[in-house]
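Chain and residue survey
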Amino acid sequence: MSALPCSPAAERNKAPILDALRTRIRRGQSILEIGSGTGQHVVHFASALPGIHWVPSEHPEAVSMLRARVEASGLANIDPPRILDVASAWPSLEVEGVYSANTAHIMSWEEVGCMFRGVGQLLRGGRFFLYGPFNRDGRYTSASNQDFDRSLRMRNPRMGLRNDVDLVALGRQCALELQDDLEMPSNNRMLVWQSIRTPIDGMGGASGN
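Given the structure is predicted, the values throughout are model-derived calculations rather than measurements.

**So, the overall build of the protein**
Helix and strand counts for the protein stand at six helices and nine strands. Relative to the globule expectation of 17 Å for 209 residues, the C-alpha radius of gyration of the protein, 16 Å, shows essentially globular dimensions. The C-alpha extent of the protein, read off along each of the three principal axes, is 50 × 40 × 30 Å. Evaluated residue by residue, the protein yields a buried proportion of 49% over its 209 residues.

**Quick word on the pattern of salt bridges**
Close approach of charged atoms allows side chains with opposite charge to pair. Tallied over the full model, the rule gives 12 salt bridges. In this structure, the salt-bridge partner of Glu-110 is Arg-158, at a minimum N-O distance of 3.9 Å. Placement of the pair is Glu-110 in helix α4 (residues 109-122) and Arg-158 in the loop between α5 (143-155) and β7 (162-163), with a sequence separation of 48 residues. In this structure Glu-110 comes out as partly exposed when scored by relative accessible area, which is 48%.

**Topic: the packing of α4 against helix α6 (residues 164-173)**
Where α4 meets α6, the axes come as close as 10 Å, and the angle between the chain directions of the two elements is 40°. The orientation of α4 relative to α6 falls into the category oblique. Helix-helix and strand crossings are classified by hand; for α4 and α6 the assignment is right-handed. Touching Trp-109, Val-112, Gly-113 and Phe-116 of α4 are Asp-166, Leu-167, Leu-170 and Gly-171, all from α6.

**Description of α6**
What α6 keeps buried is the set Asp-164, Leu-167, Val-168, Leu-170 and Gly-171. Looking down the long axis of α6, one finds its buried residues gathered within 165° of arc, a one-sided arrangement. Relative to its buried face, α6 has exposed residues pointing more than 90 degrees away, namely Arg-172 and Gln-173. Residues of α6 that are buried make contact with α4, β5 (127-132), β6 (134-135), β7, β8 (176-184) and β9 (188-195).

**Topic: the pairing of β5**
Within β5, five of the six residues are buried, which leaves the element mostly enclosed by the surrounding structure. Alignment of strand β4 (residues 97-101) against β5, held across five bridges, turns out to be parallel. In the sheet register, Tyr-99 faces β5, and the bridge partner there is Phe-129. Handedness of the crossover is the feature at issue here: the chain leaves β4, passes through α4, returns alongside β5, and the resulting connection is right-handed.

**A few points about the sheet that holds strand β3 (residues 82-83)**
Pairing within the open sheet is mixed, and its seven strands lie in the order β3-β2-β1-β4-β5-β9-β8. On the outer flanks of this sheet lie β3 and β8, each paired with one strand and no other. Bridging between β5 and β9 involves six bridges; their strand directions are antiparallel. Directly across from Leu-130, in β9, lies its bridge partner Leu-191. Its contacts with the sheet put α4 on β1 (30-34), β4, β5, β8 and β9, and the angle it makes with β5 is roughly 155°. In this fold α6 packs onto β5, β8 and β9, with an angle of close to 15° to the strand it touches most, β9.

Definitions and cut-offs
Residues numbered from 1 in each chain as written. Predicted model: local features only at pLDDT ≥ 70, side-chain atom pairs only at ≥ 80, totals over all residues. Heavy atoms only, no water. Helix = DSSP H or I, 4+ residues; strand = E, 2+ residues; numbered from the N terminus. Rg over C-alpha atoms; globule rule 2.2 N^0.38 Å. Buried < 20%, exposed > 50% of the residue type's maximum accessible area, 1.4 Å probe, protein only. Salt bridge = Lys/Arg side-chain N within 4 Å of Asp/Glu carboxyl O. Axes fitted to C-alpha atoms, helices over the stretch in contact; angles between N-to-C directions. Parallel < 35°, antiparallel > 145°, perpendicular 65-115°, else oblique. Left-handed = near helix turned anticlockwise from the far one by under 90°. Contact = heavy atoms within 4.5 Å. Arc of directions from axis to C-beta. Pairing = 2+ DSSP bridges. Right-handed = clockwise from strand over helix to strand, strands pointing away.

Right, here's the structure in full:
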């Protein structure tokens, strides 16, 4: 059997991300991960938090490597990976939280908007956890983040680090209020939104807390 794909960055940041998540999610909840990549995060989280049900997802072209790691883990609290393109129709899901890491800067701004709108419609009282490097008040927080942003935009002008003020405004348009802004290692942050929708809104989606 060939070795599973491995992301060094995911291996480095999975422990601090887990520490941030474990006090903000509850036993019995189901959490959707958007852009699960190699599956290193979801397998690590599911192993450490067996009382949480995890729903990994990935773009159609990348779901096969994710599926291989999930199947190899043998963990019962991970769903089979879902295909999810944020700009297309979302699968029918019932979750109490959504998590995504290092996705906003590789999406176009239009796709970031699609992700927020999808999360806003899906959640009812739950939380949205978004991890990655973000600009603060329109400014880079480090020289390394500035260099990273430049390299992203050279690869694709539609990519790039997102400004936290723009994300907060986008969240409000989608019934998501910023609740926490957590400093993370290597000039990253975890932004945590709270859904202010309730089941009586009459819109489709999952029940929240």
